[in-house]
Each structure stands twice: as structure tokens, then as C-alpha cells.
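For reference, the chains in residue letters:
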Amino acid sequence: MHAEDRATLDALKRGDERAFAHLVAAYQAGFVRIAYTWVRSATAAQEVVQDAWLAALESIDRFEGRSSLRTWLYGIVVNTARAHARAQRRQAPMSALVAEETDAHEPAVEAARFVAEPERWSGHWLHAPAPFPGPDRALEQRELRAQLDAAISELPPVQQQVVILCDVQRFSGEEACNILGLSDTHQRVLLHRARAKLRAILEKQR
Amino acid sequence: MTKPFELTCQEIVELVTDYLEGHMRAAQRSQFEQHIVMCAPCATYLEQMRTMVGLAATLDAPPEVVPQPPAAVLEAFRRWKRS
């Protein structure tokens, strides 16, 4: 078990409410964001996260540290959100969604933006990407961040889940696969498509 | 017909995620990097992806002042502590 996780668990077992408040504060926004992708309502997402905390406390004595505490907690949130969505008949099964979001060929950038065959420069940019603002322009960065936040919620559900875990929460691909129950191949395709779509949405707003 | 690059821009944009995630073999990585050095639009595309991924990681930053957990969650913690 990671030393940091061991220290957190020890503090919780001592009944340290401050340690618990820190844990909740660190994960609450991320939990609500990922829960929302299944239940599609802010209130329901809050309920899911609350139920997940209760479930986590009930089973925390069985946490063995095979994954990090954070990965384990995210797994509980995802399972709780799934059960909630199933009960509400809100979402198709994961396998059907994954198939829908990975099967058809979907280019990262539309073909019309590249020079067509059979020119020497075929496959090269015809309409180049417009640059995003530089990191020194603080106001524009804040706008871009808000646009990115909104753009994530426009993605299809599983792409959204993958981008939230991999890019917002910085889980490794392997950890995201474990949390969501995805194959490595699907995770890579979904992350690639999600990022390409996000970039396209942001570019349109420039 | 001689092609200006080993990889076209259209191929580059499909490889960007593998590149950023370190899923490329050395030979392909080097072809990718050669292209990026020579091609300003693809360099912009790659930079946009880096900017975006960097910004995404800041979206759910924990609050600076730690709030009290929701009442029901705190109550559950107190129950668990007693048990």
C-alpha cells in the first residue's frame, strides 16, 4: 500500500474528521463530474457521490491497497453511478456504448481540411489549425478553460468518462481501464477521439 | 511522385495521442518528430493538444479552503467511527 494511503487510512481509523474532510474535498468535484456522465442531473450526481462515500466507508476495512486509494474510490463511484443509471433505465449497456463510440471510422480532423489525392502535397494541411492563445494571456486562458469544461460535457458518454479520468484526473490509461472496465485498445481509441473532438470544438470558438 | 514527408499531416493528427501518451516505437516517434520540426501547422496542432491536456488537469482542482463534508457524509463517517 502507498505510504500516503496508509497514513490516510490510519487517520480515518483514528476518527480524524479533518483528514476525512480533506479526503472529501480533494475528490468531491471529480466524483460529481464522473457520476454526472451516467445520471445526467446535478442532483442525481450529488446523490450518487453521497451513496458512494457511504459504500466506501462500509467497505474501507477491506481495502487492501492493490490499487491506490484514489483508484479504489473512483471504482466505487463509477459502480454506484452505473447502478443508479440502470435503476433509472437511463443508459444503454457499456458494451453497446463502447461499440457505438469506437466502431465507425472517425477522423481526428475532417478530410476536407487536407489536400486531396493525387497531388504531391496530398494529406497535408489545406486549412491549418488556428493557434490557441499563448499561456501568458491569462484572461484568454481562463476563457479557454471554461470552454474546455463545457466542451467535455458535449462528448459522447464513454469518451467523456475516459477524458475525465485520463486528462482531468490524470489517471494512467491502465487505471482508467480498471475503473471503467475497458480494454486497452478501446481506451486508446476513445481518448484519441475525445481529444480530437475537444480540440475541434475549441478551434471553432476561436 | 516524391512525397515531402514520410508521414502526411493527415496521418500525424491520428498519431498525436499515441505520441503524447508514449505509445510509439522509436522509429515512428522519430518520423513523427521530424515532421513536427518541419511543419508549422502540425506543430500548432500538437501544441494545442498539449495546452488542452494541461488545462484539463486544472479543472477539478481541490478548493483552497477545505469545506465541511456534506452533512449525510459526515454523519456516515461518525457512525463508521463508532462501529
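Residues numbered from 1 in each chain as written. Chains lettered and ligands numbered in written order. Predicted model: local features only at pLDDT ≥ 70, side-chain atom pairs only at ≥ 80, totals over all residues.

Novice: Run through helix α6 (residues 138-152) of chain A, naming residues and quoting values.
Specialist: When the terminal C-alpha atoms of α6 of chain A are compared, their 21 Å separation across 15 residues agrees well with the 21 Å that a helix rising 1.5 Å per residue should span. Among the residues of α6 of chain A, L144, L148, A151 and I152 of chain A are the ones counted as buried. Taken end-on, α6 of chain A shows its buried residues confined to a sector of 90 degrees, consistent with a single buried face. Exposed residues pointing more than 90 degrees away from the buried face of α6 of chain A are listed as A138, L139, R142, A146 and A150 of chain A. Close packing links the buried residues of α6 of chain A with α7 (157-168) and α9 (184-204) of chain A together with α3 (40-56) of chain B. (Helix = DSSP H or I, 4+ residues; strand = E, 2+ residues; numbered from the N terminus. Expected span 1.5 Å × (residues − 1). Buried ≥ 20, exposed ≤ 12 C-beta atoms within 10 Å, placed from the backbone. Arc of directions from axis to C-beta. Contact = placed C-beta atoms within 7 Å.)

Novice: Break down the interface of chain B and chain A for me, with residues and values.
Specialist: Tallying the contact residues gives 38 residues for chain B and 42 residues for chain A. Broken down by element, the side of chain B that touches chain A gets its largest block of residues, 10 residues, from α3 of chain B. Partitioning the side of chain B that touches chain A into residue classes produces 24 nonpolar, 9 polar and 5 charged. (Nonpolar A, V, L, I, M, F, W, Y, C, P; charged D, E, K, R; others polar.)

Novice: Mind laying out the nonpolar core, listing which residues take part and the relevant values?
Specialist: Judged by nonpolar contacts, the single largest core of 74 residues is most densely connected at A35, V77, L148, V162 and V163 of chain A. At 10 residues, helix α2 (residues 17-39) of chain A tops the list of elements feeding residues into this core. (Core = buried A, V, L, I, M, F, W, Y, C linked by C-beta atoms within 7 Å.)

Novice: Can you explain the environment of L55 of chain B? Please cite residues and give values.
Specialist: Within the element layout of this structure, L55 of chain B appears in helix α3. Taking the C-beta count within 10 Å as the criterion, L55 of chain B has 22 such neighbours and is therefore assigned buried. Those residues in contact with L55 of chain B that lie beyond four places of it in its chain are L144, R145 and L148 of chain A.

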